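Chains, contacts and geometry: an overview
Chain residues, written in single-letter form:
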Amino acid sequence: MSKKRWQVFPGKNRFFCGGRIIMAKQINVFFVTLVLLLGVCVLFFVFDCEYLSEKVHWLVPVIAGVLLAFTLLFLFRTSFSDPGILPRATGDEALFNDRGADNNVDLTQSSANFRNPPRTKDVQVNGETVKLKYCFTCKIFRPPRASHCSMCDNCIERFDHHCPWVGNCVGKRNYRYFYLMIVTITILCIYVLAFSIAHIVMLSREKENTLITAMSETPASVIEALIAFFAVWSVLGLAGFHSYLAGTNQTTNEEIKGSWAQRHGEVVRNPYTTNNCCGNFTKILCGPSYTSLLRLREDKNKEKRDMEEVKKKIEKLMFEQQNNSNNQGHWTNSQPHNGIPVDHTDLQTQLPRTPTPS
């Protein structure tokens, strides 16, 4: 039985549900994220929401549930999807890139006659020169903004960073969901922190006790408040940083490397920005959804079989065209005369020639 592509995938990834879910090899931190998120919310729903729905408003637990649902949705969408992995070169493509891409020589020669391919190529993107780097692992020239992730051992299109908290890379296909996840989780942390503190304060005022006494009556609220307090600073800073990146249409990788920073007094313009904050946000958050290039659930030999079928069709078409061109030089051998096939080759020798005008 032929294996699927995900079963022979060369990168360092884990696959679940028959190749429908793709994650990084190290996913332990992802489960820590899930446990912390669900644990705090379960404590909040069990020990705080009943009191708050009676004393404040019944919408308090409803809003918390909606925020949690959206956070989990964006988290799973980020963690379980292909971030934009670029397929590695096939054997023939790798041979062409290694030997023939820049040398214009016969690929059947020995390897001693070839030099290594160029490490970079220059292309123009919106009037700016961008270098394409050659990946010696994937045997391809990486597209603009792509980079090779050492954790997953894959080239990722529009690579942002590898995030252990979601157990996956963040790239072209899942960046919008990552950004929406950190925004919703920031709002959720602030929401839980505010209402858990409100629960403690309202208890102390209701029974005219001190805060310490009220905290002893609802220790779960204290645990929620502490976890949310320490979490909100990291996720709030992360949300602010990625809001800046989205507003300027940059990636974390480009920002860290200073790809569009001023160098030696020379201004380097970001060719991908729309020069408008709203336009950049719209492009990232409301842009088209990109199809995965991996085709993980197909048979690994399907492409080879398809190429063989295409090759046969091309050979058949070329054979037919060659026969037609040969027949046109002798009139048309296949057309009958009064239902009787005629050999026009002999007739051509018997027909009188048209006199040439003098």
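Just above sits the structure.
Source: prediction; values computed, not measured.

What follows covers the sheet that holds strand S5 (residues 140-141). Two modes of strand pairing occur in sheets, parallel and antiparallel, and in both the strands are linked by backbone hydrogen bonds. Across the sheet, 3 strands lie side by side as S3-S4-S5; this open sheet has antiparallel pairing. Among the strands making up the open sheet, the edge pair consists of strand S3 (120-125) and S5. Taken together, the 2 bridges between strand S4 (residues 128-135) and S5 define a ladder with antiparallel strand orientation. Opposite tyrosine 134, over in S5, you have phenylalanine 141 as the bridge partner.

It is worth spelling out the packing of aromatic side chains at this point. Both the distance between ring centres and the angle between the ring planes are used here to describe each pair of aromatic rings. Within this structure, the stated rule accounts for 15 aromatic pairs. Where phenylalanine 44 meets tyrosine 191, the ring centres are 6.5 Å apart and the plane angle is 70°; that geometry is what we call edge-to-face. One end of the pair, phenylalanine 44, is in helix H1 (residues 28-47); the other, tyrosine 191, is in helix H5 (residues 175-206), and 147 residues separate them in sequence. Residue classification places tyrosine 191 among the buried positions, given a relative accessible area of 13%. Among the aromatic residues, ring-to-ring pairing joins Phe30, Phe31, Phe76 and Phe80 into one connected group. One Lys or Arg, arginine 145, reaches over the ring of tyrosine 272 and ends 4.1 Å from the middle of that ring. Over the ring of tyrosine 175 we find arginine 158, and its NZ or CZ is 5.3 Å from the ring centre.

Taken together, the side chains of Trp58, Leu59, Val62, Ile63, Val66, Phe70 and Leu73 make up a nonpolar region of the molecular surface, amounting to roughly 640 Å² of accessible area. With respect to the element layout, phenylalanine 70 can be found in helix H3 (residues 59-80).

With that out of the way, let us pick up the nonpolar core. Formed by 42 residues in total, the largest nonpolar core has its most connected members in Leu37, Phe44, Leu75, Tyr175, Phe178, Met181 and Leu188. Contributions of two or more residues to this core are made by strand S2 (21-24), H1, helix H2 (49-55), H3, H5 and helix H7 (219-248). Residue contributions to this core peak at 13 residues, all from H5. With residues up to four places along the chain from it excluded, the contact list for leucine 37 reads Leu68, Thr71, Leu72, Leu75, Ile185 and Leu188.

About the cut-offs
- Residues numbered from 1 in each chain as written.
- Predicted model: local features only at pLDDT ≥ 70, side-chain atom pairs only at ≥ 80, totals over all residues.
- Heavy atoms only, no water.
- Pairing = 2+ DSSP bridges.
- Helix = DSSP H or I, 4+ residues; strand = E, 2+ residues; numbered from the N terminus.
- Phe/Tyr/Trp six-rings, centres within 6.5 Å; stacked < 30°, edge-to-face > 60°.
- Buried < 20%, exposed > 50% of the residue type's maximum accessible area, 1.4 Å probe, protein only.
- Lys NZ or Arg CZ within 6 Å of the ring centre and 35° of its normal.
- Patch = residues over 30% accessible without salt bridge, like charges linked within 9 Å, V, L, I, M, F, W, Y side chains within 5 Å.
- Areas by Shrake-Rupley, 256 points an atom, 1.4 Å probe, with all protein chains shown as cover.
- Salt bridge = Lys/Arg side-chain N within 4 Å of Asp/Glu carboxyl O.
- Core = buried A, V, L, I, M, F, W, Y, C linked by side-chain atoms within 4.5 Å.
- Contact = heavy atoms within 4.5 Å.

None of this, on its own, says anything about what the molecule does.
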